[in-house]
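Each chain, letter by letter, is given below.
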Amino acid sequence: MSSVSKPLQRVLSGFIRMHVLHHAEEGNLCGNWMIEELREHGYKISAGTLYPMLRTMERDGWIKSRLDKDGSRRRLYQITPSGRVALKEVRARLRELFREVGAHHDRKPAKQPLKSSKQR
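Residues numbered from 1 in each chain as written. Predicted model: local features only at pLDDT ≥ 70, side-chain atom pairs only at ≥ 80, totals over all residues. Heavy atoms only, no water.

Q: Could you clarify how one ought to interpret the packing of helix H1 (residues 6–26) against helix H2 (residues 31–40) in this entry?
A: What describes two packed helices is the angle between their axes and the distance between those same axes. At a minimum axis separation of 11 Å, H1 and H2 run at an interaxial angle of 120°. Taken together, the axes of H1 and H2 are oblique relative to one another. Seen along the crossing, H1 lies across H2 with a hand that is right-handed. Residue-level contacts link Ile16, His19, Val20 and His23 of H1 to Trp33, Met34, Glu37 and Leu38 of H2. Grouping the amino acids of the contact of H1 with H2 by side-chain chemistry returns five nonpolar, two polar and one charged. (Axes fitted to C-alpha atoms, helices over the stretch in contact; angles between N-to-C directions. Helix = DSSP H or I, 4+ residues; strand = E, 2+ residues; numbered from the N terminus. Parallel < 35°, antiparallel > 145°, perpendicular 65-115°, else oblique. Left-handed = near helix turned anticlockwise from the far one by under 90°. Contact = heavy atoms within 4.5 Å. Nonpolar A, V, L, I, M, F, W, Y, C, P; charged D, E, K, R; others polar.)

Q: Is there a simple way to think about the side chain of Asp68 in this case?
A: Following the sequence through the fold, Asp68 ends up in the loop between strand S2 (63–67) and strand S3 (75–79). Judged by relative accessible area, which is 14%, Asp68 ranks as buried. Engagement of the side chain of Asp68 in a polar contact is seen with the side chain of Arg74, the distance being 2.3 Å. In this view, Asp68 contacts Arg74 and Leu76; residues no more than four positions away in its chain are not counted. (Buried < 20%, exposed > 50% of the residue type's maximum accessible area, 1.4 Å probe, protein only. Polar contact = N/O pair within 3.5 Å; in protein donor to acceptor, adjacent residues only side chain to side chain.)

Q: When you look at the sheet that holds strand S1 (residues 29–30) in this model, what are you seeing that I'm missing?
A: Two orientations exist for strands paired in a sheet by backbone hydrogen bonds: parallel and antiparallel. As summarised here, the arrangement of the three strands in space is S1-S3-S2, forming an open sheet in which the pairing is antiparallel. Two strands close off the open sheet at either side, each with one partner strand: S1 and S2. When S2 meets S3, the two strands line up antiparallel, connected through five bridges. Its bridge partner lying in S3, Ile63 is registered against Ile79. In the packing of helix H3 (residues 47–59) onto the sheet, the strands contacted are S2 and S3, and the crossing angle to S2 comes to about 115°. (Pairing = 2+ DSSP bridges.)

Okay, structure coming up:
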């Protein structure tokens, strides 16, 4: 995410967490795969950004990790029950946001006069 400003990075990091939870719900994921998946959606994220994020999500109880059984050092992540609750809440809020933003985007904003404190 180095090609965007710091304030935008903070917003997009929430989107990345949602993306991780979504894929962790589908099944085990590994960090390198997640980096590639995010790149396909326009996020340029490094391992140095993603892995600390995954560790934080694990500390928060949203995902859990385990070493892959193939003997490699690869870590696999999957969603936890708390992560499912968080993802459900995120999806509900995302739907509401899309309704509001989409409705606002599709119509011309009505010009409303500004009310001064004397008019109230």
